[in-house]
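Analysis of the macromolecular model
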Amino acid sequence: MERAAILGAGFISHSHAEALGFCGIELYAVVDRSEAAAESFASKWGIDNYGTSEAILFDETITTVHICTPPNTHYEIIKRLLDAGKNIICEKPLCFSDEEADELKQLAYEKGLKCAINLNVRYHNMSSKMKELIGQREAFGKVNLIHGKYLQQFHMLPTPYNWRYIPEVSGKMRAVTEIGTHWFDIVQYVTDLKITAVSALFGNFDPKRQVKEGLMYPIDEAKKEAEIVEVTSEDVALIQFKFDNGAIGSVTLSEVSQGYSNYLEYEVTGVNQTAGWNSQSNNELYYNTTNSESNVLRDGFGNGFNDSFQQLIHSFYFANESEISYPTFDEGAEIVHICNAVYESAVNDSKWVQLK
Ligand SMILES: NC(=O)c1ccc[n+]([C@@H]2O[C@H](COP(=O)([O-])OP(=O)(O)OC[C@H]3O[C@@H](n4cnc5c(N)ncnc54)[C@H](O)[C@@H]3O)[C@@H](O)[C@H]2O)c1
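Remember, it's a predicted structure, so these values are computed and weren't measured experimentally.

Calculation rules
- Residues numbered from 1 in each chain as written.
- Predicted model: local features only at pLDDT ≥ 70, side-chain atom pairs only at ≥ 80, totals over all residues.
- Heavy atoms only, no water.
- Helix = DSSP H or I, 4+ residues; strand = E, 2+ residues; numbered from the N terminus.
- Rg over C-alpha atoms; globule rule 2.2 N^0.38 Å.
- Buried < 20%, exposed > 50% of the residue type's maximum accessible area, 1.4 Å probe, protein only.
- Contact = heavy atoms within 4.5 Å.
- Near = heavy atom within 4 Å.
- Polar contact = N/O pair within 3.5 Å; in protein donor to acceptor, adjacent residues only side chain to side chain.
- Areas by Shrake-Rupley, 256 points an atom, 1.4 Å probe, with all protein chains shown as cover.
- Domains from an automatic or database assignment.
- Buried area = accessible area lost by both parts, 1.4 Å probe.
- Salt bridge = Lys/Arg side-chain N within 4 Å of Asp/Glu carboxyl O.
- Nonpolar A, V, L, I, M, F, W, Y, C, P; charged D, E, K, R; others polar.
- Pairing = 2+ DSSP bridges.

So, on to the overall build of the chain. Helices and strands together make up the secondary structure of the chain, namely 10 helices and 19 strands. For the chain, the C-alpha radius of gyration of 21 Å lies close to 21 Å, the compact-globule estimate for 356 residues. Along the longest, intermediate and shortest principal axes, the C-alpha atoms of the chain span 60 × 60 × 40 Å. Burial status across the chain gives 52% buried among its 356 residues. For the chain, contacts bridging at least 24 residues in sequence account for 69% of all contacts bridging at least 6.

Now for the site of the ligand. If you check the shell around the ligand, you find 23 residues, and the closest are Phe 11, Asp 32, Lys 92, Trp 163 and Arg 164. Ile 12 has a polar backbone atom sitting 3.0 Å from an oxygen atom of the ligand. Asp 32 places a polar side-chain atom, nitrogen or oxygen, 2.6 Å from an oxygen atom of the ligand. When isolated, the ligand has an accessible area of 850 Å², and the protein chains bury 84% of it.

With that out of the way, let us pick up the domain arrangement of the chain. According to the domain assignment, the chain contains domain 1 (3–120) and domain 2 (125–302 + 329–354). Using C-alpha coordinates to define each centre, domain 1 is positioned 25 Å away from domain 2. Domain 1 puts 25 residues into the contact, and the matching count from domain 2 is 19 residues. Summed over the three residues of domain 1 that lose the most area to domain 2, namely Phe 96, Asp 98 and Leu 119, the buried surface amounts to 30% of that side. Linking domain 1 with domain 2 are 0 salt bridges. Residue assignment for the side of domain 1 that touches domain 2 shows that the elements contributing at least two residues are strand S5 (87–90), helix H4 (98–111) and strand S6 (115–117). By residue number, the principal contributor to the side of domain 1 that touches domain 2 is H4, which donates 7 residues. When the residues that make up the side of domain 1 that touches domain 2 are grouped by side-chain class, the tally is 17 nonpolar, 4 polar and 4 charged.

Attention shifts here to the sheet that holds strand S10 (residues 208–212). Backbone hydrogen bonds hold the strands of a sheet together, and the pairing may be parallel or antiparallel. Here 4 strands make up an open sheet; going across it, the order is S8-S11-S10-S12 and the pairing antiparallel. The open sheet has two free edges, formed respectively by strand S8 (159–160) and strand S12 (227–230), since each of these has just one partner strand. Two elements, S10 and strand S11 (residues 215–218), share 4 bridges in a ladder whose sense is antiparallel. Residue pairing in the sheet places Gln 210 in a bridge with Tyr 217 of S11.

As structure tokens, then:
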């Protein structure tokens with residue numbers, strides 16, 4: 001019988017806990033480096049086993065560990081958990097370097113364990129419908145163009161100063177790894193195409209910022225007592241792509257766009273049709289045909305952000321091996337490679353970088 005534990009009791013861990021409840025999987029333990037965070041999470045979700053010690057995760061009755069900690073922790077703990085025979089659902093990004101990603105992917109194979117990366121956008125109901133539509137290659141035609149955006153406002157100033165601005169914890173990028181990862185996955189998933197080359201331009205609009213009482217502001221000479229911090233990661237990324245069938249594409253990623261809590265959009269143009277979806281109207285998709293017809297497909301029993309977690313986690317625990325649809329460490333590693341290629345391009349004057 002499956003029994004789950006969660007590492008990291010912050011923002012996203014609650015979506016995992018809710019999804020586990022939906023799936024009827026016992027959430028047995030929670031670990032956080034903060035005793036208070038672990039305790040408050042345990043009390044909310046009715047968990048008896050909690051604390052700061054990672055040893056709790058290695059209880060032999062626990063079959064799967066959900067990793068909901070910041071990215072710098074993922075690589076080491078995944079290796080140890082795989083060695084102990086635990087299945088894993090890890091939050092994105094899988095890890096930092098291409099080498100680490102390939103090693104984790106290989107280790108997952110060798111151990112024969114279930115390993116997923118939480119790229120949940122593909123579990124919006126309309127994602128599978130888009131995949132079906134685009135997959136009807138004769139009707140849709142060869143895919144030529146894939147473009148879109150992912151916009152959020154969370155990093156507009158003032159904003160809390162936290163691990164997301166510390167490269168040793170979050171990695172050297174921010175918009176690309178936090179939101180770009182989802183966009184790369186969803187367009188590859190619905191089109192069945194692979195990104196083969198990227199060219200990127202980053203925008204960091206306040207490299208030096210000031211922090212006061214936990215909040216980060218633009219520099220203001222009048223606030224002399226504030227701590228000055230350097231932020232090296234991007235607020236915005238503009239990325240162009242080449243795909244393995246010859247299609248081209250682009251995406252705008254922004255974490256500083258007013259009015260957008262969580263807006264992911266993509267559009268795919270084939271020879272005969274153009275189809276698109278966005279997360280604010282997530283229960284509908286549109287497709288336009290060559291004779292200027294525009295069609296909207298609506299799902300009256302659709303789903304939302306937390307439902308997409310439920311669907312991914314349900315698929316993880318209950319799908320037969322032959323019908324795996326959740327993103328595995330293969331895809332987790334692939335996304336790490338794309339992120340690193342994007343970075344290499346951005347720091348080299350947007351040169352085209354081929355995916356290895
Ligand atoms: N799939 C999604 O849509 C989505 C959304 C948000 C965040 N995330 C990902 O989830 C992960 C966590 O993000 P969050 O927003 O929940 O962050 P958060 O800061 O809200 O929570 C992180 C928690 O991890 C704990 N922690 C940090 N280091 C630890 C360690 N070494 N050992 C044990 N606990 C530790 C912190 O105390 C905190 O409680 C990140 O990888 C992030 O990219 C994914």
